[in-house]
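Summary of the model geometry
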Amino acid sequence: YDTYGMPLDFIEDLATERNLSVDKDGFENALEQQRNQSRARQSFQTDKTIKFSYYSPEVQNRITSTTDQFEGYTSLQTGGVCILALFNADREQVDELTADSSGAIILERTPFYVEAGGQVSDDGSLVIDESKATVVAMERLSGFGPRVHIVQMESGVFRTKSLITASVDEATRTATCRNHTATHLLHAVLRGVLGNHVKQAGSFVAPGRLRFDFSHLSAIAPNQLAEIEQQVNTHIYANHAVTTNIRPTAEAVADGAMALFGEKYGEYVRVVSVSDISLELCGGTHCQATGDIGPFVITQETGVASGVRRIEALTGDSAVQFLQLRRQTLDQVLSRLAVPVDNTVEAIERLQQETKRLSKEVERLKVQIAINSHSDENVEETNKVQGISIVTRRVSGLDRRSRRALADSLRSRLGTGVVILTSTDDQKVTLLVSVTKDLLDRLHAGEIVKVLAPIVGGKGGGQSELAEAGGRQPGKIDELFSESRQLIDRMLTEHKAS
């Protein structure tokens, strides 16, 4: 899940196909441990976020008590900004930062958004004359305290009390705004299509994509997903104005503004509204109108926890690139199939049916060749033990299904008896034992395999009529065949005695 992004419900489906179950509690515990480890690996996102070394307690109190002044809602650039404090890479307060060094800068005011509410931080630059620093991350000292700009110095020198110009990267902020406003539209549409039980359970808003988690008990049907995508785009085409205002929290909630469960709000909150479609408490940055979002494309819908679904989507340039890639892929498929686009599915189904037919024919031919083959690699020997025929045979080049088909064929030819097949591939041994039905009261294939498999360094078992095992010592196959005859002799004798 963490490495490859495979959804939990897909993992559960795979497990079910193999008669396995998924330990959901263990999964959640392991996932939380991974999150903690990931956070610990990020030097600027550990407990250090509020641990800086100051010149003195007085300086610390003066800086940390400074009111946060965020100007990024209305402007992406703020000039004449005073540097309140500088810190080196070890988070020790210093008087200056020089070229090729890294550190942290606290400004009296800033246009840079700090990660919150699922929206990632801004990036951009700080400039004074010929000196420049790139902002690579943002943090907050504590609570509603000033924002911290994590920087890499590119040139010149920055000093405390210098006046600089802070500029947010416009392209990334604009792309982030598109995705954030799109999540509000998506939330509203989900409630309209699926029901008012839908509540936001988490989100991720970045320049390149958006992710929205919400409460819902089952997977969304393809036709519903298409309707959701269409409705979001319809609201975008309408180019509704996106407005924000500060209101008393209780009043906004009473008017129906959506609030995040478990989120703590102050006496006053920022309310983002889109016409009569969406009304949410939100401190993030947004488009001025829904038309700014551009195309909206859902890329995936999955389950992430019990009763929680996730939709991933793209907007703007990312959506266009996604659609273009899909079109290029479809064009390549159509070119190879040599059919019109309307006949694509039908052509693929025909190919799949033909592939299945040919696969079965190949299996049949492989089994027939194995039956008729008398090469050194397909040696067959038949012995009698207490009047019962035992066929031992080495085969090669057969998959599991073909080996079973060969065993069935040999067993049918015997009428009554035991078939023991071995196959080798890359120093691995596969063992298969099949017993005719009339002998099941005296011989058990699974018990035979349990005794024989360790000879070739393996283990296995199975049902009374058919059992399989694997091993890693092909050099002991002859010993296995010899022991098989003795084992069956002992089992028959013990049955008579009982």
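Anything mentioned here points back to the structure above.
Residues numbered from 1 in each chain as written. Predicted model: local features only at pLDDT ≥ 70, side-chain atom pairs only at ≥ 80, totals over all residues. Heavy atoms only, no water.

Examining the overall build of the protein
Of regular secondary structure, the protein possesses 11 helices and 22 strands. Over its C-alpha atoms the protein spans a radius of gyration of 34 Å, topping by over 25% the 23 Å that the globule rule assigns to 498 residues. C-alpha extents for the protein along the principal axes are approximately 100 × 55 × 45 Å. Counting across all 498 residues of the protein, residues that qualify as buried make up 41%. For the protein, the proportion of contacts with a sequence separation of at least 24, taken over those separated by at least 6, is 62%. Carbon and sulfur atoms make up 48% of the accessible area of the protein, which amounts to about 26,900 Å² in all. Across the protein, the mean location of the 54 positive side-chain charges is 6 Å away from that of the 66 negative side-chain charges. (Helix = DSSP H or I, 4+ residues; strand = E, 2+ residues; numbered from the N terminus. Rg over C-alpha atoms; globule rule 2.2 N^0.38 Å. Buried < 20%, exposed > 50% of the residue type's maximum accessible area, 1.4 Å probe, protein only. Contact = heavy atoms within 4.5 Å. Areas by Shrake-Rupley, 256 points an atom, 1.4 Å probe, with all protein chains shown as cover. Lys, Arg positive; Asp, Glu negative; His and termini not counted. Charge placed at Lys NZ, Arg CZ, Asp CG, Glu CD.)

Overview of the sheet that holds strand β20 (residues 428-435)
With mixed pairing, 6 strands are arranged side by side in an open sheet as β17-β18-β19-β20-β22-β21. The open sheet terminates on both sides in strands that have one partner only, identified here as β17 (380-385) and β21 (459-462). Shown here is a sheet whose adjacent strand axes are inclined to one another by a mean of 15°, direction ignored. Strand direction decides the pairing type here: β21 and strand β22 (residues 466-471), joined by 4 bridges, are antiparallel. From the neighbouring strand, G460 faces β22, where its bridge partner is A469. Here helix α9 (residues 400-414) sits on the sheet in contact with β17, β18 (388-395), β19 (417-425), β20 and β22, set at roughly 155° to β19. Packed onto the sheet, helix α10 (residues 445-452) meets β19, β20, β21 and β22 and runs at close to 150° relative to β20. (Pairing = 2+ DSSP bridges. Axes fitted to C-alpha atoms, helices over the stretch in contact; angles between N-to-C directions.)

What to know about the packing of aromatic side chains
Considering all chains together, one arrives at 5 aromatic pairs under this definition. Summarising the aromatic geometry, the rings of F52 and F87 are spaced 4.6 Å apart at their centres and angled 55° between planes, so their arrangement reads as tilted. With a gap of 35 residues between them, F52 in the loop between α2 (24-41) and α3 (57-64) and F87 in strand β1 (residues 77-88) connect regions that are remote in the sequence. Considered together, F52 and F87 belong to a single accessibility category, that of buried residues. (Phe/Tyr/Trp six-rings, centres within 6.5 Å; stacked < 30°, edge-to-face > 60°.)

Focus: the packing of helix α4 (residues 170-194) against helix α5 (residues 222-237)
Interaxial distance between α4 and α5 falls to 9 Å at its minimum, and their mutual angle equals 135°. With respect to α5, the axis of α4 lies oblique. For the crossing formed where α4 meets α5, the hand is right-handed. In this structure, α4 contributes L185, L186, V189, L190, V193 and L194 to the contact, and α5 contributes Q224, E227, I228, Q231, V232, H235 and I236. (Parallel < 35°, antiparallel > 145°, perpendicular 65-115°, else oblique. Left-handed = near helix turned anticlockwise from the far one by under 90°.)

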